[in-house]
Amino acid sequence: MSVFRDKESLTPKYIPEKLPHRDKEINLLYDLYRDFSYSRVIQLEGQAGTGKTSTAHLVGMRLNDHANKENVYFKYVYVNLKLEAPTRFVLYKSIVSKVDRGIVSRSVSAEELLNILIRYLVKRNLKILLAVDEIDYYVKSLRGGGIVYDLTRLNEIYGEKPTNIIGVIFISRDKSWKNVLNSAEKSSLGNIVIEFNPYNAEEVYDIVNFRVEKAFKRGAVSNSVIEYVSDLTVNYANSDIRYALDLLYYAGIIAENEGSNRVTVEHIRTASGNVFRSITTEDLMSLTRDEIYILLATAIALKSKRNAYVSIEDIYDEYASLCEQYQTRLKNRRKFIEVLESLSNKGMIDIRSITKISINVPVEKLEKFLDALINRLDNALHNK
Ligand SMILES: Nc1ncnc2c1ncn2[C@@H]1O[C@H](COP(=O)(O)OP(=O)(O)OP(=O)(O)O)[C@@H](O)[C@H]1O
Ligand SMILES: [Mg+2]
C-alpha cells in the first residue's frame, strides 16, 4: 500500500510546472528574455528555499518552448558554482560542454574557452541564456569575482558584435558577495535585481498544498497535516520550502513502512526529528564520495565521544577505520583537510578550531540527528 502518487516529485531534481506565488518573478524574467535579442545581466536574490533556482529553470523551459515555436535556435544553460566549478577553467569548460559536448577537443586556456564558445554560437546562430547559481558561495570561498568580469563583458571582449548570449542570470542568497567586487565588475554586473522575499504563512500553506496534490494520493494527507507541515516550515525553517518537501518525503516513507494509507501528524513529528535544514537531502545528494566518508566519520566521532565537539585527530581516526571497512584508499592529511574545509564551506560542519569541530545541529538534538545521518550516509555510500 502506498500513500504516494508520485514520490519523485518531492525530490530536488523535480521542477514543478508552476510555482504558486512566484508568477510575478517568473513573468518578469520571461519578459526580459522573450525576444531573444538583448544581452542583459539580471540578479536573483533571496534566502534559502524561496524558489530562485526553480524560477530560473522554469523560465528556461518556457523560453525553450517559445524558441521552438518561433524557430529560434536557443538553449538555456545552467551551472551551479557550488557543485560544478572549483576553478574558472572548470566553470568555462562546463558551460562549453553543456552547449555542446563535442566543442573542445584540445587543451586550451580559460580565456580561449570563452572565445571558442562565442565563435561556436555565432557560427551556428545559437542563442543561449546562462544561469550562474550560487555565485555568493563561489566569490566568498575566496575565488574572487573574475568570472563576473568575464561573463558580463563578453560583448566587449569580443568586439561590438552581439555574442548570442542573450543574458546572464546570477543567483545568490546573500547580497554581500558583491562587496568584494571591484568597481569595473560592479558596473558591468549592473543593478537589475529581482528579490525573492520569504513566503508568508499563507503562501507556504498554498505551496505545500500544491506539492501534496502532486505527490500524494487523494485523501492520504489531510488539511491538518498540511497545516502542521506549513507551521513547522515557517517557524523552524524560515519558510524554506525544501524543508517542507523533505518532511513530507520522509513522513510518507515512514507511513508507507507502517503499512498506513495516510500520513498523520505523528508521522510528521517523527520525520521532523530526522530532517534538518543545515543538512538537506539535496546537500547530501551533491556530496562527493570523500565528503560522505568524512562527514560520516565526523558524525561517528561526535557520537562516540558523546561531546558537542571533536578534534581533527578524532575525525581522521574514524575516517581511517571507515576506509578500511569500505575497502577504499585513505586520502592523505592534506587532502583530508581540504575535504573538511569543503564540508565547512558547504555549511555542513562547523570548524571553530582544529580541536573544536561540530555538525551544525542544535546540541540537544545531535545524538538523534547523528543516528539518522549515519543511516542516510551509509545508504548514500551503498548507492554510489
Ligand atoms: N512557489 C513554489 N511552488 C512550489 N514549489 C516551490 C516553490 N518555491 C520553491 N519550491 C520548491 O522548493 C525547493 C527549493 O526551491 P529552490 O531550489 O528554487 O530554492 P532556492 O531559492 O534556489 O534556494 P537556495 O538558495 O537554497 O538554493 C524546490 O524543490 C522547489 O521546487
Ligand atoms: Mg538554489
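Described below are features of the structure shown in this document. (Residues numbered from 1 in each chain as written. Chains lettered and ligands numbered in written order. Predicted model: local features only at pLDDT ≥ 70, side-chain atom pairs only at ≥ 80, totals over all residues. Heavy atoms only, no water.)

**A few points about the packing of aromatic side chains**
Step number 1: Applying the stated criterion to the full structure yields eight aromatic pairs.
Step number 2: Both rings, one in Tyr249 and one in Tyr250, keep their centres 5.6 Å apart while their planes meet at 85°; by these two values the pair is edge-to-face.
Step number 3: Aromatic rings pair up to connect Tyr316, Tyr319 and Phe336 into one cluster.
Step number 4: Directly above the aromatic system of Tyr137 lies the positively charged group of Lys82, at a separation of 5.6 Å from the ring centroid.
Step number 5: Above the face of the Tyr309 ring, Lys356 is positioned so that its terminal group lies 4.6 Å from the ring centre. (Phe/Tyr/Trp six-rings, centres within 6.5 Å; stacked < 30°, edge-to-face > 60°. Lys NZ or Arg CZ within 6 Å of the ring centre and 35° of its normal.)

**Looking at the pattern of salt bridges**
Step number 1: Counting across every chain of the model gives 16 salt bridges.
Step number 2: Between Glu45 and Lys178 there is a salt bridge, and its shortest N-O distance comes to 2.5 Å. With a gap of 133 residues between them, Glu45 in strand β1 (residues 40-46) and Lys178 in the loop between β4 (165-172) and α9 (183-189) connect regions that are remote in the sequence.
Step number 3: Overall, the relative accessible area of 3% leaves Glu45 in the buried class.
Step number 4: With relative accessibility at 17%, the residue Lys178 sits in the buried group.
Step number 5: For Arg352, the salt bridge goes to Asp350, with nearest N and O atoms at 3.1 Å.
Step number 6: In this structure Arg352 comes out as exposed when scored by relative accessible area, which is 53%. (Salt bridge = Lys/Arg side-chain N within 4 Å of Asp/Glu carboxyl O. Helix = DSSP H or I, 4+ residues; strand = E, 2+ residues; numbered from the N terminus. Buried < 20%, exposed > 50% of the residue type's maximum accessible area, 1.4 Å probe, protein only.)

**Comments concerning the site of ligand 1**
Step number 1: Around ligand 1, the structure places 18 residues, and the nearest of them are Lys52, Thr53, Ser54, Arg173 and Tyr199.
Step number 2: Taking Gly49, its main chain carries an N or O atom lying 2.9 Å from an oxygen atom of ligand 1.
Step number 3: Contact distances for ligand 1 include 2.9 Å between an oxygen atom and a side-chain N or O atom of Arg242.
Step number 4: A total of 630 Å² of accessible area belongs to ligand 1 in isolation, and the protein chains cover 96% of it.
Step number 5: Of all elements in the fold, only α2 (52-70), α10 (201-215) and α12 (241-257) reach the threshold of two or more residues within the shell around ligand 1.
Step number 6: Class assignment for the residues of the shell around ligand 1 results in eight nonpolar, six polar and four charged.
Step number 7: Counting residues domain by domain, the shell around ligand 1 receives three or more from each of domain 1 (23-196) and domain 2 (199-272). (Near = heavy atom within 4 Å. Polar contact = N/O pair within 3.5 Å; in protein donor to acceptor, adjacent residues only side chain to side chain. Areas by Shrake-Rupley, 256 points an atom, 1.4 Å probe, with all protein chains shown as cover. Nonpolar A, V, L, I, M, F, W, Y, C, P; charged D, E, K, R; others polar. Domains from an automatic or database assignment.)

**What about the sheet that holds strand β3 (residues 127-133)?**
Each strand in a sheet pairs with its neighbour through backbone hydrogen bonds, running either in the same direction (parallel) or in the opposite one (antiparallel).
Step number 1: Pairing is parallel in the open sheet, where five strands are placed in the order β2-β3-β4-β1-β5. If you trace the sheet from one side to the other, it starts and ends with β2 (74-80) and β5 (193-196), each paired once. Adjacent strand axes in the sheet meet at a mean angle of 15° when their direction is disregarded.
Step number 2: Strands β1, β3, β4 and β5 of the sheet are contacted by helix α1 (residues 23-33), whose axis makes an angle of about 170° with β1.
Step number 3: Along the sheet, helix α4 (residues 88-99) makes contact with β2 and β3, crossing β2 at roughly 150°. (Pairing = 2+ DSSP bridges. Axes fitted to C-alpha atoms, helices over the stretch in contact; angles between N-to-C directions. Contact = heavy atoms within 4.5 Å.)

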